[in-house]
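Residue-level structure breakdown
The chain contents come next:
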Amino acid sequence: MKQFIDFIPLLLFFIVFKTDPRVFDIGGHELSFGGIYSATAVLIISSLVVYGAIFISQRKLEKSQWLTLVACLVFGGLTLAFHSETFLKWKAPVVNWLFALAFIGSHFIGDRLLIKRIMGHALSLPEPIWTRLNIAWILFFLFCGAANLFVAFTFQSYWVDFKVFGSLGMTVVFLVAQGIYLSRHLHDTDPTTPKTED
């Protein structure tokens, strides 16, 4: 569910980007709507609203949500400040690779793999399965980052479509594959292994 919440600002970004550019006169000020820059502004505002609402209701944000929000503000802000979409094109690759780095780091720092910290309260699995899952997430984020970067700078007319629907599609396929993999190994659970609580 957290993965899909992240797509709400992206969907709004996509809708505004695909809207034919037009200019509105509001209080003597001209306001443009449609295209990459107004879409970027909508992405920033909607991200603040979505994550702000989550923070108010839950009194906290997950680290991944903080990272996504900060990246949106930084790369979106640079895009608007320098009037260059190149900054926004780097957002998805950088965020994905930072997520991959976090999963990699959990192999060397801390007493539990990151995937176990995330899912350990709901599942009890043998340690080799946790290790494989963690590696799978590393590979997934590395691939997503590379795919976003490749499309953004190679197929520039399609990068926004891929940023929204390509990322969503890859996430759905990966989560389904993970579910199938877990269903095959749940019977391997060691009943003596205590569940972890975060």
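Just so it is clear, the model here is predicted, and its values are computed rather than measured.

**Some points on the environment of leucine 125**
Position of leucine 125 relative to the elements: it lies in the loop between α7 (114–119) and α8 (127–154). Relative accessible area serves as the criterion here: at 3%, leucine 125 is assigned to the buried category.

**Topic: the environment of histidine 107**
With respect to the helices and strands, histidine 107 occurs in the loop between α6 (91–105) and α7. You can call histidine 107 partly exposed: its relative accessible area is 32%. C-alpha separation for the pair histidine 107 and threonine 131, spaced 24 residues apart in sequence, amounts to 8.5 Å. Contact partners of histidine 107, with chain neighbours within four places excluded, come to Leu113, Thr131, Asn134, Ile135 and Ile138.

**Comments concerning the side chain of threonine 40**
One can find threonine 40 in helix α3 (residues 36–58). Setting aside residues no more than four positions away along its own chain, threonine 40 makes contact with Phe13, Gly76, Thr79, Leu80 and Leu88.

**Things to note about the UniProt feature "transmembrane region" (unreviewed entry) in the protein chain**
UniProt's feature table lists "transmembrane region" (unreviewed entry) at residues 31–54, 66–82, 94–114, 135–158 and 164–182, given in the numbering used throughout. What you have in residues 94–114 is 62% helix and 0% strand, and the ends, taken at the C-alpha atoms, are 19 Å apart. Secondary structure across residues 135–158 divides into 83% helix and 0% strand, with the first and last C-alpha atoms of the span separated by 30 Å.

**A word on the pattern of salt bridges**
The final tally for this structure, using the stated rule, is 3 salt bridges. Residues glutamate 85 and lysine 89 are paired through a salt bridge, measuring 3.3 Å at the closest nitrogen-oxygen approach. Taking the shortest distance from any N to any O, the salt bridge between lysine 116 and glutamate 127 comes out at 2.4 Å. Placement of the pair is lysine 116 in helix α7 and glutamate 127 in helix α8, with a sequence separation of 11 residues. Given the relative accessible area of 13%, lysine 116 is considered buried. Residue classification places glutamate 127 among the partly exposed positions, given a relative accessible area of 44%.

Definitions and limits used
Residues numbered from 1 in each chain as written. Predicted model: local features only at pLDDT ≥ 70, side-chain atom pairs only at ≥ 80, totals over all residues. Heavy atoms only, no water. Helix = DSSP H or I, 4+ residues; strand = E, 2+ residues; numbered from the N terminus. Buried < 20%, exposed > 50% of the residue type's maximum accessible area, 1.4 Å probe, protein only. Contact = heavy atoms within 4.5 Å. UniProt positions renumbered as here; feature names shortened; annotations may be inferred. Salt bridge = Lys/Arg side-chain N within 4 Å of Asp/Glu carboxyl O.

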